[in-house]
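Structural overview for review
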Amino acid sequence: MKPIRPIILAHGGAGSRTITSSQAACLRGALQVGYHLLDRGSSALVAVEQTIRILERSGLFNAGNGAHRQLDGVRRMDASIMEGERLRAGAVASIEGIVHPITAALLVMEETAHVLLVGPLATKFAKYHRIELQKRQPTRGRLSYGSMLKQMTTKGDRHGTVGAVALDRSGTVAAGASTGGIDRMLPGRVGDTPIIGCGVYADNETGAVSMTGWGESIMRVAVAKTICDRLGQGKTAGTAARWVLQKLVTRVNGSAGTLVLTPRGQFAISHVTSHMAAGWWDGKGKPTVRDQF
Ligand code: ASP
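Residues numbered from 1 in each chain as written. Predicted model: local features only at pLDDT ≥ 70, side-chain atom pairs only at ≥ 80, totals over all residues. Heavy atoms only, no water.

Observations concerning the environment of Arg69
- Along the chain, Arg69 turns up in the loop between α2 (44-58) and β2 (77-83).
- Taking the C-alpha atoms as reference points, Arg69 and Met185, 116 residues apart in sequence, are found 8.3 Å from one another.
- For Arg69, the side chain forms a polar contact with the main-chain oxygen of Gly73, separated by 2.8 Å. (Helix = DSSP H or I, 4+ residues; strand = E, 2+ residues; numbered from the N terminus. Polar contact = N/O pair within 3.5 Å; in protein donor to acceptor, adjacent residues only side chain to side chain.)

Here it is, written out as structure tokens:
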């Protein structure tokens, strides 16, 4: 049998903005770290986590150090991770004050019998595991609940979620994503990112998917799992991605971008937004990073 060639894909969000040169450099660096891990025999899961950690730490994206605030001025973050061999998954939602929600999600998967922890008790779990804390941010003036409701947007555009999918030498795929949510969201709002089957999915029988975009629309179409189901029906990564994103637009007026990777190393980066900051690397030449695919 031909040896499996590892590959990693990463994104820094989909929306109307173009990629900055520092975001592009950060994505390239993250892809290099992820690929080198795979090349040295690390699992797809580890490569996905480590790649996302670099993006979270940078403060250049809407995740980890760069996470947006909810309308009450508090950063509440969501993340999830999944591997395709045994369909193990972990996630956190509305977690506060830590640099690496993706590591908290991985620890939920590895250290607990659960898949999803939420809110202050997810934060407590992360602190117990000594996940690095964010520098304290000055708090903003408080809004009444009524004015928060008035400010809330229906279709946020300030995206910037980060995510990755990878294929390792053993043929296992993994997917992960981490976010600070969307613009002007009510306190307590949770998007697609920590919901397995919506923001991420990974199954060695079909493929791995990491989503970014308007979470409320992505959840209603269960996009990540639906793309994997299309792969299972024999569609290529590109066809499966385009079909489901088209459904997202026509059925719920949604917007999103996706990374799709099959266990055979076939992949697609697809978006129905004007831009998506993303890239991939399989060790040949230099990593490819752009904001349109
Ligand atoms: N999907 C994320 C959310 O809705 C946002 C994003 O991808 O930028 O929380």
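Structural notes on the packing of aromatic side chains
- Under the criterion given, the structure shown has two aromatic pairs.
- Centroid distance Phe267 to Trp280: 4.8 Å. Interplanar angle 50°. Geometry classified as tilted. With a gap of 13 residues between them, Phe267 in strand β10 (residues 267-271) and Trp280 in strand β11 (residues 275-281) connect regions that are remote in the sequence.
- For Phe267, a relative accessible area of 27% translates into the label partly exposed.
- Trp280 sits in the partly exposed class, given a relative accessible area of 23%.
- The lysine or arginine in question, Lys225, covers the ring of Tyr201, its NZ or CZ lying 5.6 Å from the ring centre.
- One Lys or Arg, Arg230, reaches over the ring of Trp243 and ends 3.6 Å from the middle of that ring. (Phe/Tyr/Trp six-rings, centres within 6.5 Å; stacked < 30°, edge-to-face > 60°. Buried < 20%, exposed > 50% of the residue type's maximum accessible area, 1.4 Å probe, protein only. Lys NZ or Arg CZ within 6 Å of the ring centre and 35° of its normal.)

Quick look at the sheet that holds strand β8 (residues 207-213)
- Read across the sheet, four strands follow the order β7-β8-β9-β10 without closing on themselves; strand pairing throughout is antiparallel. Of all the strands in the sheet, the pair left with one neighbour each is β7 (200-203) and β10. Within this sheet the neighbouring strands show an average axis-to-axis angle of 10°, counted without direction.
- When strand β9 (residues 256-261) meets β10, the two strands line up antiparallel, connected through five bridges. By the bridge assignment, Val260 is partnered in β10 with Ala268.
- Against the sheet, helix α7 (residues 223-232) contacts β7, β8 and β9, and its axis sits at roughly 145° relative to β8.
- Sitting on the sheet, helix α8 (residues 237-252) touches β8, β9 and β10, and the angle it makes with β10 is about 20°. (Pairing = 2+ DSSP bridges. Axes fitted to C-alpha atoms, helices over the stretch in contact; angles between N-to-C directions. Contact = heavy atoms within 4.5 Å.)

With respect to the site of the ligand
- Neighbouring residues of the ligand: 13 residues in total, closest Thr161, Arg189, Asp192, Thr212 and Gly213.
- Here an oxygen atom of the ligand and a side-chain polar atom of Thr161 are 2.7 Å apart.
- Starting from 270 Å² of accessible surface for the ligand in isolation, the protein chains cover 100%.
- Among the detected pockets, the ligand sits in the largest cavity.
- A class-by-class count of the residues in the shell around the ligand yields one nonpolar, ten polar and two charged. (Near = heavy atom within 4 Å. Areas by Shrake-Rupley, 256 points an atom, 1.4 Å probe, with all protein chains shown as cover. 1 Å grid on protein atoms, 1.4 Å probe; cavity = no way out; pocket = protein on both sides within 12 Å on 5 of 7 lines; lining within 4 Å. Sits in = over half its atoms within 2 Å of the grid points. Nonpolar A, V, L, I, M, F, W, Y, C, P; charged D, E, K, R; others polar.)

Describing the layout of surface pockets
- Reported here for the largest pocket is a volume of approximately 410 Å³.
- Lining the largest pocket are 15 residues, and of these Glu96, Gly97, Gln134, Arg136 and Gln137 sit closest to its centre.
- Of the residues contributing to the lining of the largest pocket, the split by class is three nonpolar, six polar and six charged. (Points joined across faces, edges and corners; volume = space filled by probe spheres on them.)

Some remarks on the pairing of β10
- When you tally the buried positions in β10, you get four out of five residues, the bulk of the element.
- Taking the residues between adjacent antiparallel strands as the criterion, β9 and β10 are bridged by five residues, where Gly265 takes a positive phi near 90°.

Examining the pattern of salt bridges
- Summed over the entire model, instances satisfying the criterion amount to nine salt bridges.
- Asp282 is the salt-bridge partner of Arg5, the closest N and O atoms lying 4.0 Å from each other. In this pair, Arg5 sits in the segment before β1 (7-15) while Asp282 sits in the loop between β11 and β12 (288-290), placing the two residues 277 residues apart along the sequence.
- Here Arg5 falls in the partly exposed class, since its relative accessible area comes to 40%.
- Asp282 sits in the buried class, given a relative accessible area of 12%.
- A salt bridge links Glu83 to Arg88; its shortest N-O distance comes to 3.2 Å.
- The network of salt bridges with common partners includes Arg5, Asp282 and Lys284. (Salt bridge = Lys/Arg side-chain N within 4 Å of Asp/Glu carboxyl O.)

Some points on the nonpolar core
- Core analysis: the largest hydrophobic core is formed by 43 residues, its most contacted members being Leu27 and Ile95.
- Among residues more than four places away in sequence, those in contact with Ile95 are Arg75, Arg76, Met77, Pro101, Ala104, Ala122, Thr123 and Ala126.
- Val165, Val173, Leu248 and Leu261 belong to the second largest nonpolar core, which has 38 residues in total. (Core = buried A, V, L, I, M, F, W, Y, C linked by side-chain atoms within 4.5 Å.)

Overview of the pairing of β11
- With respect to burial, β11 is a largely interior element, six of its seven residues being buried.
- In the sheet, β1 pairs with β11 via six bridges, with the strands oriented antiparallel. Paired with Ile8 across the strands is Trp281, a residue of β11.
- Direction of pairing for β11 relative to β12: antiparallel, over a ladder of three bridges. Residue pairing for β12: Trp280 is matched across the bridge by Thr288.
- Hairpin geometry of β11 and β12 is characterised by an intervening segment of six residues between the two adjacent antiparallel strands and by a positive phi of about 90° at Gly283.

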